Amino acid sequence: MESNTPNPNPELITSKLTEIENLIEEEEEFHHLNNPADGIKPVVKKYLGVPNHADQVGNKFYFTDGDAKVEVVVVTDEIIRVRLAPHSVFLEDFSYGVPKLPTRQVSFSLHEDENEFRVSTYKVNCHIRKKDFFISFSDSNNHVTSMDATPMHWEENVQAGGYYVFCTKTCAPDESFFGLGDKPTELNLRGKRLKNWNTDAYSFQWNQDPLYRSIPFYISVNEGIAHGIFFDNTFKAQFDFGSEDRTKTSFWADGGELQYYYIHGPHMMDVVKSYHTLTGTHPMPPLWALGYHQCRWSYYPEAKVRKIARGFRENKIPCDGIYLDIDYMDGYRCFTWNRKYFPDPKKMISELAADGFKTVVIIDPGIRVDDNYSVFKEGKEKKYFCRRSDDYFMEGHVWPGRCQFPDFTNPEVREWWGGLFDELVQMGVAGVWNDMNEPAVFGAGTFPDDVRHQYDGYRGSHRKAHNVYGMQMVRSTYEGLRKIMKNKRPFTITRAGYSGVQRFSSVWTGDNVASWEHLKIGNIQCQRLSISGIPFCGTDIGGFSGEPDGELFTRWIQMGTFSPFMRAHSAGDTKEREPWSFGEPFTAINRKFIELRYRLIPYLYSTFWEHHRYGFPILRPIVMHEQDTVMNHFRQDEFTYGDKILVCPVMEPGQRKRNVYLPKGKWYNFWTYEVVEGGKEVSVETPLETMPLFVKAGSVIPEYPVMQYVGQQEIEEVKLNIYYTDYEVNSFLFEDYGETFAYEQDIYLEKKFVVNGDAKTVTIDQSLEGLYTPRYDGYHFNLIGFPFKPSKITVDGKDVKEFQLNDDNTIEFKYTKTFKHIEISK
Ligand code: GLC
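As a starting point, this report considers the structure included with it. (Residues numbered from 1 in each chain as written. Predicted model: local features only at pLDDT ≥ 70, side-chain atom pairs only at ≥ 80, totals over all residues. Heavy atoms only, no water.)

**Overview of the overall build of the chain**
No. 1: Looking only at helices and strands, the chain features 13 helices and 54 strands.
No. 2: Taking the intrachain contacts of the chain between residues at least 6 apart in sequence as the baseline, contacts between residues at least 24 apart amount to 69%.
No. 3: A total of about 30200 Å² of accessible surface is found on the chain, and carbon and sulfur atoms cover 49% of it.
No. 4: Of note, the chain has its 94 positive side-chain charges centred 4 Å away from the centre of its 115 negative side-chain charges. (Helix = DSSP H or I, 4+ residues; strand = E, 2+ residues; numbered from the N terminus. Contact = heavy atoms within 4.5 Å. Areas by Shrake-Rupley, 256 points an atom, 1.4 Å probe, with all protein chains shown as cover. Lys, Arg positive; Asp, Glu negative; His and termini not counted. Charge placed at Lys NZ, Arg CZ, Asp CG, Glu CD.)

See below:
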C-alpha cells in the first residue's frame, strides 16, 4: 500500500514531545513506586512516535514511526492482534498459548484519512491515530470500547537483561474486569493490581498474589459491552485495573514482546468463546472423571487404600477416583513404587478397578539425583535436564531431596517423559496428577532466572519459560498417556498452568485451608477459572491444611457437587477426611449430595460437550447472564452450572436462610418445585441438608440412576425432568461411549430438546445429530410445574395410555428414546 502520510506538522511534534516528556515523568514515578523490590534502577521509557507509514501483507498491517514497528493482524471478525517491535524486528511467531491462529476467511479493509489509519472487519475497527500512535477499538456502531491512554512503550533494561513492555489503556468510571484465572480476590477485578508468575502458595490467603497459574486474559465490561484482552506474553506480567490511576488500565511484562489480542464481544460469552478459538478447549473427559474423587496426602500402605475404597462401598457413597500421593514412590522417585507399602501395585489397582475405582497417581517434576535411578540416569545421558546459563545443571531440593528437572519446553524431552508412563498404564493407572510444577523448589521458591530452556527451538531463559513450565509438563503427560492408552481418554490434573493448559488438563486450586473464608475463595476461584478458559476445575474439598468441622465439610461437599471437578483432599497431618468421617447427620447429607452429583452426570457431561465444541464455560457467574446491570458485576456468590441450574453455596456457619439473586425469567426451586420470578433477590431457607438450587423454566434436565461408580450398571433408561415453560427453551443431551476418542470421528449423539407451552398445551420436540446409538431404549419423563392436569399425551401422533399424576403435581410416563414430538394437553 502507498503511504500518503502528510509531512509532519512542527507544532504537532512540539506538543507531542511535551506530552511524552510528561508521560515519561509520570511513568517513571509509576514504575519506581510500584517496583521498589525489583532492585532495578528506573530506565527511561521509550514511546511510539508518530506513525507515518502503513504496509499490508495479507491480513497483516504494519505501521511504523521510522524506528519501532506495530503489526496489526486481522485474526477473525472479532479478534485483532497487535504486536510491537521496538526496533522493527518481530520475534518469530510462536506461542504455547495459541498453537495455531484460526484460519477462517475474513473480509477486512484498510482506510486512511488525515487523522487515522483504520483496519476494519465487519464487527471491529482498529484505529491507529496519526497524531500520537494511540490505538483504539470500536464496534460496527462506532462505539469505542478500548482506547490507549498512552502510546505503547518499552524500557530497555540492560541490567535486567531485556525489554520491559507496557500498554496503558483508559479505564472508564463504571468499567469492570473479570478473568485472570485463579486470583483469590473479588470476582470483579476493578481497582486491583495483579501479577502473573506461577508460585507454590501453600495455605494461600485472600488477596494473595500471584498463585499457581498465569492466565493473562481478562474481560472488560463497560456500558453493557464486553471485550477481552489476551496479553500472550509468558514473562512475569502485571495487570492494573484502575488501581494506580482510576482512569487507566495497564498491562506490562518484564520481557518478551508486547503482543495482545483484542477480542470483541459484545457479550462476555462471545469473548470467552472467541478466546477458546485461540487457546483451544478441553477435550471430552472420561465420563468417570466427572464422578467423585477421594484423595489424601497420602493413603498408604496398600491396606489403607483398600480400607478407604471399602469404606465408600460399605457406606454406599459413590466414588470413582482414588489417589496415591507421593508416599507410593520409592524415596519420592517418580515412576517407582515403594514395594514395602505396595508389594504388588498391579494387583491392587486391578482389584480396585474391579470394584469401580480408578487409580490416579502423583508425578512431580523434580527427579532425584541418583545414578542408580533409571529416570535420572537416562535424563542425564540424554541431556534432558535444565541447565543454568553457565552450563551447570539446575539443581534444587524438593520431596526426593537433591533434584534436577526435565526441560519440558523441549519436544524431545516431552516425548521421553510421556513414554515413561507406559509401565504405570500397564499396571492399570487411569490418571496422572502433576504437582509442584510452577516449578516449586524448597527454599529458593523456583528456578533462578538464568536457567536456559529449549522452548521448542525458540530458546529462552527461565524468565520466559517459567509460566509455561507446568503447562508443558502436563502436556507431555497428557500426550504420552494418550499415545499409550490408544483410544482411551486419559485423565490429568495439574497445579500450574498457562493459557491453553485446558487442552491438556484439569486443574485444582492448590493448597487451600479448611476455613469458611476458603470456601468463599474457592467459589470465586472456580467461577473465575471457568470464564478464564479453564473449565475443568475444583478445590480441595474440606480444605487442604487445617481441620474442618462436619458442617464446613458438608457445605464444601455441597459446593463441590457443582464444581466441574469434585475431589476431597487433605494434608498429611490432618484427621481422617472421608465423607463418612464426621458421623451423622453429615454422612447422610454428604451421601445425598454425592448421589446428586451422579444423578446429574449426563447434564454435566452435556455441558462439557457445549464447552468442548462451542467454547462455553461450565460455571457462569451472574454477570455473564446479565452484564448490562452494573450491580451484577459485583455478584460473586451465585453462579449457574451450565445454563440451566443456578447454584448458591452456603458459605457461613450456622446459616439457615440467605438471599439469592436469580436472573430474569422463571425459575423452579429444585427441592420444592416452587416457581420464582427472577430479576430479583429471593430469600431461601438453607437448612444443612439443602442448599439453594434453582432450575430455569423450560429446562430438560437429564438424570442417570444413582450408581456407586460410573458404569456400575448398564443404563436402562434416562430420566428427563421437564420444567414447564410458557416460552420456548432449548436443552441439550450429549451421549457417546464416554471413554474413547470416537467422538472426534462424529461417533456421538447431540440431542436437542425444544420445550414450549401455554395454559393448555406443552410441546417437546427432539432432534438428533451424530452417529452414536445409546444402548438404553427409553426415557422416563418427569413433568414438573405443569399448570394443568393433562387429559391427553401424544407422542408422534400416538396416545400415551399410561401416565401417572403424583401428589406433588409431577406427571410421569415412559416412552422410547426415538420420539420426535410430544404434545401434552389439558
Ligand atoms: C503439594 C500439593 C498437595 C500434595 C502435596 C504432597 O502441597 O499441592 O496437593 O498433597 O504437595 O504431594
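**Comments concerning the sheet that holds strand β21 (residues 292-294)**
Paired through backbone hydrogen bonds, the strands of a sheet run either parallel or antiparallel to each other.
No. 1: Taken in spatial order, the nine strands make up an open sheet running β33-β32-β30-β27-β23-β22-β21-β35-β34, and their pairing is parallel. The sheet terminates laterally at β33 (537-538) and β34 (540-541), the two strands that pair on one side only.
No. 2: Examined bridge by bridge, β21 and strand β35 (residues 566-568) share three bridges and lie parallel to one another. The partner of Q294 across the bridge, within β35, is A568.
No. 3: Together, β21 and β22 (321-324) form the strand contacts of helix α3 (residues 302-315), whose direction differs from that of β22 by roughly 160 degrees. (Pairing = 2+ DSSP bridges. Axes fitted to C-alpha atoms, helices over the stretch in contact; angles between N-to-C directions.)

**Re the sheet that holds strand β54 (residues 821-825)**
No. 1: The six strands are arranged β46-β47-β48-β54-β50-β51 in an open sheet whose pairing can be described as antiparallel. With one partner strand each, in any of the chains shown, β46 (729-735) and β51 (798-799) form the two edges of the open sheet.
No. 2: Relative to β54, strand β48 (residues 761-769) runs antiparallel, the two sharing five bridges. Across the sheet, the residue bridging to T761 is S825, located in β54.
No. 3: Packed on one face of the sheet, helix α12 (residues 601-614) meets β46, β47 (749-757) and β48 and runs near 95 degrees to β46.

**Comments concerning the site of the ligand**
No. 1: Every residue lining the ligand is accounted for by W297, D325, I326, I362, W399, W433, D435, R495, W508, D511, F544 and H569.
No. 2: D511 is positioned with one of its side-chain polar atoms (N or O) 2.5 Å from an oxygen atom of the ligand.
No. 3: Here the ligand has 310 Å² of accessible area as a free molecule, and 97% of this is covered by the chains. (Near = heavy atom within 4 Å. Polar contact = N/O pair within 3.5 Å; in protein donor to acceptor, adjacent residues only side chain to side chain.)

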